[in-house]
Amino acid sequence: MGSSALSLTLLLMSLILAGLTQDLPRPTLTVTPDSPVFTGERVSLKCEINSDHSDWRYEWNKDRTKVSESYRNTLTIERSKTSDAGLYTCKGQRNGRPNSSQSSSAVSLSVKDLPTSTLTVTPDSPVFTGERVSLKCVINSDHSDWRYDWYKGRDSVMLQTSERYTVNRDTLTIRGATESDQGQFWCRGQRDGRPYSSQSSSVSLRVTALPRTTLTVTPDSPVFTGERVILKCVINSDHSDWRYEWYKGSVMLQTSERYTVNRDTLTIRGATASDQGQFWCRGHRDGRSVSSQSSSAVSLTVKDSPRSTLTVTPDSPVFTGERVNLTCVIESYSNWRQRNGLKYDRRYDWTPAWRPEWRYEWYKGSVMLQTSERYTVNRDTLTIRGATESDQDQFWCRGQKDERPKSSQSRFTQIYTDCDTRQSCIHWRDSQSDVCDKLEPQ
């Protein structure tokens, strides 16, 4: 055969082979469900060949390696694993036809772990009775078409919207929490035709009663004008981030000229009768919808200080050389209550409550007296031994108790001399009566 005949033969054969290749059907490979799939899902790969023939035998390849061969056009992966991920192709064979179809285009199968679910609670547990509680189910996934399932308790009771519970997709809301809402909550998500997301870890919800609040006052009421009064608000709670609210009657108090509000302490400087009233307090925490319980109201009474009265023995006149006793008498509590228009009540008797007893202060003019060569100071009594004209002056006294104000100052009693004849003498004048007894010379 000549060269021209050989060339023609080869050309005809190549054309025939090319025509045969173009006529081979190309399969279409589909994956259900769409990739990516989750571990544990059932995956179906379907190989469809557009042909009049039905006697196909299907060959499956993963990453160019044959994995299966069957007369069925579907490859099923039960309970998929991450190791099943890869590039899949298929092609068909017919008996006696070594190249019956082309290979399909490669399809990538991605297998991921089930997305995790996380449950968050606002506000942090424990919550207080009456609070609004929001539980949110967060699914770590690229998909947004989740349906959320909510469960409570060991029996895994599925929750639905009810009188007090509102289920709104990824959020469960509890209105007005009560102790019956305590328990374990958890959630998970589902997509139509797909498996559940992984179950969230359970969250324990604890509901406690509103913390009690106690208000204390120092010193005990009644207090005296001029005293410094400290009111302290004590909230029985494990939390320390309270904001304190102070009230007198219905008026909320702020730091002012005489009131100092410092978190849990209200200080009144120099109490006056206008400070009398009912005081109470309560606490709030930032971001919470309820407060602590309000404290019981404490009644603050502000009264005048007890009066001091100075008495002198012997009665006027006193002669030079005599022994003189001045006694400081501080008003009794019953008299003090009568003077202030109060009803006597032994529950508030200050004698046991105000111990130690009065400490007495003695003054001559502006000089505070101590026991000396001629003066003896013994609690409520000042003794002058051998009175002389040098003792002429104004004497007065007052009382003091620990951590309380002084009693009111006594009126002045003045020693003076008026006679210079046969017998020297000393006369007393009580500034309260302003009466002077004069001794005529003998």
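All figures in this text were calculated on a predicted structure; none of them were measured in a lab.

A.B. asks: For this particular structure, what's the right way to read the overall build of the chain?
C.D. replies: For the chain, the helix and strand inventory stands at 3 helices and 40 strands. Across the chain, the fraction of contacts at a sequence separation of at least 24, relative to all contacts at a separation of at least 6, is 57%. Counting every atom, the chain has about 25,200 Å² of accessible surface; 46% of that belongs to carbon and sulfur.

A.B. asks: Help me understand the state of the cysteines, please; the structure alone is not making it clear to me.
C.D. replies: A covalent bond bridging the sulfur atoms of two cysteines is what the word disulfide describes. In total, this model carries 4 disulfides according to the counting rule given. Residue pairing for Cys47: its cysteine sulfur links by disulfide to Cys90, the two sulfurs lying 2.0 Å apart. Across the disulfide from Cys47 to Cys90, rotation about the S-S bond amounts to roughly 80°, and the bridge is consequently right-handed. With Cys47 in strand β3 (residues 43-48) and Cys90 in strand β7 (residues 86-93), this pair connects stretches of sequence that are 43 residues apart. Judged on exposure class, the residue Cys47 and its partner Cys90 are both buried.

A.B. asks: What's the story with the packing of aromatic side chains in this structure? I'm lost.
C.D. replies: Two aromatic rings, taken as a pair, are described by how far apart their centres are and by the angle between their planes. Applying the stated criterion to the full structure yields 5 aromatic pairs. Centroid distance Phe38 to Trp146: 6.5 Å. Interplanar angle 20°. Geometry classified as stacked. In this pair, Phe38 is assigned in strand β2 (residues 37-38) and Trp146 in the loop between β12 (133-139) and β13 (147-152), connecting sequence segments 108 residues apart. With relative accessibility at 5%, the residue Phe38 sits in the buried group. Among the residues examined, Trp146 registers a relative accessible area of 4% and is labelled buried. Each ring, one from Tyr363 and one from Trp396, has its centre 4.1 Å from the other, and the planes form 5°; the classification is stacked.

A.B. asks: What exactly am I supposed to notice about the environment of Phe128 here?
C.D. replies: Inspection of the secondary structure assignment puts Phe128 in strand β11 (residues 127-128). When neighbours within four sequence positions are excluded, Phe128 is seen to be in contact with Ala177, Val207, Thr208, Ala209, Leu210, Pro211, His239, Trp242, Arg285, Arg288 and Val290.

A.B. asks: Help me out: how do you make sense of the sheet that holds strand β18 (residues 203-205) in this one?
C.D. replies: Strands pair in a sheet through their backbones, by hydrogen bonds, and they do so in one of two ways: parallel or antiparallel. Pairing within the open sheet is antiparallel, and its 4 strands lie in the order β14-β13-β17-β18. Single-partner strands in this sheet number two, and they are β14 (157-158) and β18. As paired strands, β13 and β14 are joined by 2 bridges and run antiparallel to one another. Among the inter-strand pairings, Tyr151 is bridged to a residue of β14, identified as Met158.

A.B. asks: How should I be thinking about the side chain of Ser295 in this particular structure?
C.D. replies: Checked against the element boundaries, Ser295 lands in the loop between β27 (277-285) and β28 (298-300). For Ser295, a relative accessible area of 7% gives the class buried. Beyond its immediate stretch of four places on either side in the chain, Ser295 contacts Thr213, Thr214, Leu215, Trp280 and Cys281.

A.B. asks: Looking at this structure, how should I read the environment of Gln93?
C.D. replies: One can find Gln93 in strand β7. Taking C-alpha positions, Gln93 is 5.5 Å from Trp56, a pair spaced 37 residues apart along the chain.

A.B. asks: Looking at this structure, I do not really get the sheet that holds strand β15 (residues 165-168). What am I missing?
C.D. replies: The antiparallel open sheet is built from 4 strands, whose spatial order is β10-β12-β16-β15. Each of the sheet's edge strands pairs with one partner strand only, and the pair in question is β10 (117-122) and β15. The mean angle between the axes of side-by-side strands here comes to 15°, regardless of whether they run parallel or antiparallel. Where β10 and β12 come together, 6 bridges link them in antiparallel fashion. When the bridges of β12 are listed, Ser117 appears paired with Ile139.

A.B. asks: In this structure, what is going on with the pairing of strand β32 (residues 324-330)? I would like to understand it.
C.D. replies: Taken residue by residue, a regular strand's side chains alternate between the two faces of the sheet. Here β32 shows one buried face, formed by Val324, Leu326, Cys328 and Ile330, and one open face, formed by Asn325, Thr327 and Val329. As defined by bridge partners, strand β30 (residues 308-313) adjoins β32 across 6 bridges and the pair is classed as antiparallel. When the sheet's bridge partners are listed, Leu310 is paired in β32 with Cys328. Bridging between β32 and strand β36 (residues 381-384) involves 4 bridges; their strand directions are antiparallel. In the sheet register, Thr327 faces β36, and the bridge partner there is Thr381.

A.B. asks: Please explain the confidence of the model for the chain as it appears in this structure.
C.D. replies: Atom-level detail of predicted coordinates should not be read off regions where pLDDT is low. Taken over all residues, the pLDDT of the chain has a mean of 81, while the share at 70 or more is 79%. Scored below 50 in pLDDT, residues 344-356 makes 21 contacts in the model with residues more than four places away or belonging to other chains. Here residues 416-442 scores under 50 on pLDDT; set against residues more than four positions off or in separate chains, the count is 66 contacts.

A.B. asks: Please clarify how the pattern of salt bridges should be interpreted in this entry.
C.D. replies: Side chains that carry opposite charge are capable of pairing whenever their charged atoms lie near each other. This structure, assessed with the given rule, holds 12 salt bridges. For Arg57, the salt bridge goes to Glu69, with nearest N and O atoms at 2.4 Å. In this pair, Arg57 is assigned in strand β4 (residues 57-62) and Glu69 in strand β5 (residues 65-70), connecting sequence segments 12 residues apart. You can call Arg57 partly exposed: its relative accessible area is 23%. Of the charged contacts, one joins Arg398 and Glu361 as a salt bridge, the two residues approaching to 2.9 Å between their closest N and O atoms. In this pair, Arg398 sits in strand β37 (residues 393-400) while Glu361 sits in strand β33 (residues 359-364), placing the two residues 37 residues apart along the sequence.

A.B. asks: Would you mind showing me how to read the side chain of Glu227 here?
C.D. replies: Along the chain, Glu227 turns up in the loop between β21 (223-224) and β22 (229-235). Owing to a relative accessible area of 5%, Glu227 belongs among the buried residues under this scheme. For Glu227, the side chain forms a polar contact with the main-chain nitrogen of Phe224, separated by 2.7 Å.

Cut-off values and rules
- Residues numbered from 1 in each chain as written.
- Predicted model: local features only at pLDDT ≥ 70, side-chain atom pairs only at ≥ 80, totals over all residues.
- Heavy atoms only, no water.
- Helix = DSSP H or I, 4+ residues; strand = E, 2+ residues; numbered from the N terminus.
- Contact = heavy atoms within 4.5 Å.
- Areas by Shrake-Rupley, 256 points an atom, 1.4 Å probe, with all protein chains shown as cover.
- Disulfide = S-S within 2.5 Å.
- Buried < 20%, exposed > 50% of the residue type's maximum accessible area, 1.4 Å probe, protein only.
- Phe/Tyr/Trp six-rings, centres within 6.5 Å; stacked < 30°, edge-to-face > 60°.
- Pairing = 2+ DSSP bridges.
- Axes fitted to C-alpha atoms, helices over the stretch in contact; angles between N-to-C directions.
- pLDDT = per-residue confidence, 0-100.
- Salt bridge = Lys/Arg side-chain N within 4 Å of Asp/Glu carboxyl O.
- Polar contact = N/O pair within 3.5 Å; in protein donor to acceptor, adjacent residues only side chain to side chain.

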